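Here are the chains, one letter per residue:
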Amino acid sequence: MADSSSSLPPGPLPDGIVSPQVVARTEKRWIMAMAAMLVVMVAIIVVTGVTGALHPASNVEIVDPQTVHLKGEFVESNLGTAIETDGSATVRIVAETYAFVPHCVTVPAGAPVKFRLTSADVVHGFLLPHTNVNTMVVPGFVAEVRTSFAEPHEYAMPCHEFCGLGHHAMWAHVSVVPKERFANMSSAERTSCAKQ
Ligand code: CUA
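Below is a summary of the structure that appears in this document.

The rules behind the values
Residues numbered from 1 in each chain as written. Predicted model: local features only at pLDDT ≥ 70, side-chain atom pairs only at ≥ 80, totals over all residues. Heavy atoms only, no water. Pairing = 2+ DSSP bridges. Helix = DSSP H or I, 4+ residues; strand = E, 2+ residues; numbered from the N terminus. Axes fitted to C-alpha atoms, helices over the stretch in contact; angles between N-to-C directions. Contact = heavy atoms within 4.5 Å. Core = buried A, V, L, I, M, F, W, Y, C linked by side-chain atoms within 4.5 Å. Buried < 20%, exposed > 50% of the residue type's maximum accessible area, 1.4 Å probe, protein only. Salt bridge = Lys/Arg side-chain N within 4 Å of Asp/Glu carboxyl O. Phe/Tyr/Trp six-rings, centres within 6.5 Å; stacked < 30°, edge-to-face > 60°. Patch = residues over 30% accessible without salt bridge, like charges linked within 9 Å, V, L, I, M, F, W, Y side chains within 5 Å. Areas by Shrake-Rupley, 256 points an atom, 1.4 Å probe, with all protein chains shown as cover. Polar contact = N/O pair within 3.5 Å; in protein donor to acceptor, adjacent residues only side chain to side chain.

## With respect to the sheet that holds strand β4 (residues 104–108)
So, point 1. Read from one edge to the other, the open sheet built from three strands follows the order β4-β10-β9, with strand pairing classed as mixed. The open sheet is flanked by β4 and β9 (153–158), the only strands paired with a single partner. Going from strand to strand, the sheet's axes swing by 20° on average, the running direction of each strand aside.
So, point 2. As paired strands, β9 and strand β10 (residues 171–177) are joined by six bridges and run antiparallel to one another. Bridge pairing in β10 places His 153 opposite Val 176.

Given below as structure tokens:
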């Protein structure tokens, strides 16, 4: 192609042919446009990371997906919301095709909340809209996300990682309730979708 420029006829160029100067100028503009887009995207990542605590889970913790139900932290009796001695809440959830276990969790408002999740089978996603909670749930690993909720609220929680034919139906609920009310709830109520 480089040779064709030297063999261009003098005078106006035929239809569909542009001069090498125009090509070079256009390419330079596109490179600048792409560079500007990159700068904007990196700036968005940095700004949301600093101001909204939106960032990828940083802990690498492994767990055996084959025995996740049978022993260790994610046995059924240990799932749901636990209150730590410092008053913070830890929520443990197992994601599996096509449900979160437990399906509903309740957490207290105004306290630090730590979500710890793992998958029993394929990659799922865990997202609480309009919060900084957004992580993939990968089998073999524990995903941990820290947040807190200022106000009581009901969150519908969709799986946002395509995980199979039932993906669209994989929803769970996180219910943020006032601290005093949370303290009076039984552990069964804390993992129930029934209206209290
Ligand atoms: Cu689980 Cu999509």
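## A few points about the environment of Met 136
So, point 1. Relative to the elements of secondary structure, Met 136 occurs in strand β7 (residues 134–137).
So, point 2. When sequence neighbours within four positions are dropped, the list of residues in contact with Met 136 reads Val 123, His 124, Gly 125, Ala 143 and Glu 161.

## Here we look at the nonpolar core
So, point 1. Within the largest apolar cluster, 25 residues are counted, with the highest numbers of intra-cluster contacts made by Ile 93, Phe 100, Phe 115, Phe 126, Leu 128, Phe 149 and Val 174.
So, point 2. Contributing elements (two or more residues each) for this core: β2 (89–96), β4, β5 (112–119), β9 and β10.
So, point 3. Sorting elements by how many residues they give to this core places β2 first, with four residues.
So, point 4. Contacts of Phe 126, omitting those with residues within four sequence positions, involve Ile 93, Phe 100, Phe 115, Leu 117, Val 133, Asn 134, Thr 135, Val 137, Met 157 and His 160.
So, point 5. Grouped together as the second largest cluster of nonpolar side chains are five residues, Phe 74, Leu 79, Val 94 and Val 142 included.

## Quick word on the pattern of salt bridges
So, point 1. Summed over the entire model, instances satisfying the criterion amount to five salt bridges.
So, point 2. With its nearest N and O atoms 2.5 Å apart, the salt bridge here joins Arg 92 to Glu 73. Here Glu 73 lies in the loop between α2 (20–52) and β1 (80–83) and Arg 92 lies in strand β2, a separation of 19 residues in the sequence.
So, point 3. Using a relative accessible area of 13% as the deciding quantity, one classes Arg 92 as buried.
So, point 4. In this structure Glu 73 comes out as partly exposed when scored by relative accessible area, which is 24%.

## Remarks on the packing of aromatic side chains
So, point 1. The tally for this structure, following the rule as stated, stands at four aromatic pairs.
So, point 2. Between Phe 115 and Phe 126, the aromatic rings sit 5.2 Å apart at their centres with planes inclined by 55°, giving tilted as the arrangement. Here Phe 115, found in strand β5, pairs with Phe 126, found in strand β6 (residues 124–127); they are eleven residues apart in sequence, far enough to count as distant.
So, point 3. Taking relative accessible area as the criterion, Phe 115 reaches 0% and is therefore assigned buried.
So, point 4. Plain terms: the ring middles of Phe 115 and Phe 149 are 6.5 Å apart, the flat faces sit at 85° to each other, and that makes the pair edge-to-face. Of the two residues, Phe 115 is situated in strand β5 and Phe 149 in the loop between β8 (143–148) and β9; the sequence distance between them amounts to 34 residues. When sorted by exposure, Phe 115 lands in the same class as Phe 149, which is buried.

## Brief notes about a nonpolar patch on the surface
So, point 1. Together, Trp 30, Met 34, Met 37, Leu 38 and Met 41 give the surface a local cluster of nonpolar side chains, amounting to about 560 Å² of exposed area.
So, point 2. Mapping Trp 30 onto the fold places it in helix α2.
So, point 3. You can call Trp 30 exposed: its relative accessible area is 54%.

## Digging into the environment of Ser 88
So, point 1. For Ser 88, the position within the fold is in the loop between β1 and β2.
So, point 2. With 16 residues separating them along the chain, Ser 88 and Gly 72 place their C-alpha atoms 21 Å apart.
So, point 3. With near-sequence residues (within four places) excluded, Ser 88 lies in contact with Ala 82, Ile 83 and Pro 112.
So, point 4. A distance of 2.8 Å separates a polar atom in the side chain of Ser 88 from a polar atom in the side chain of Asp 86.

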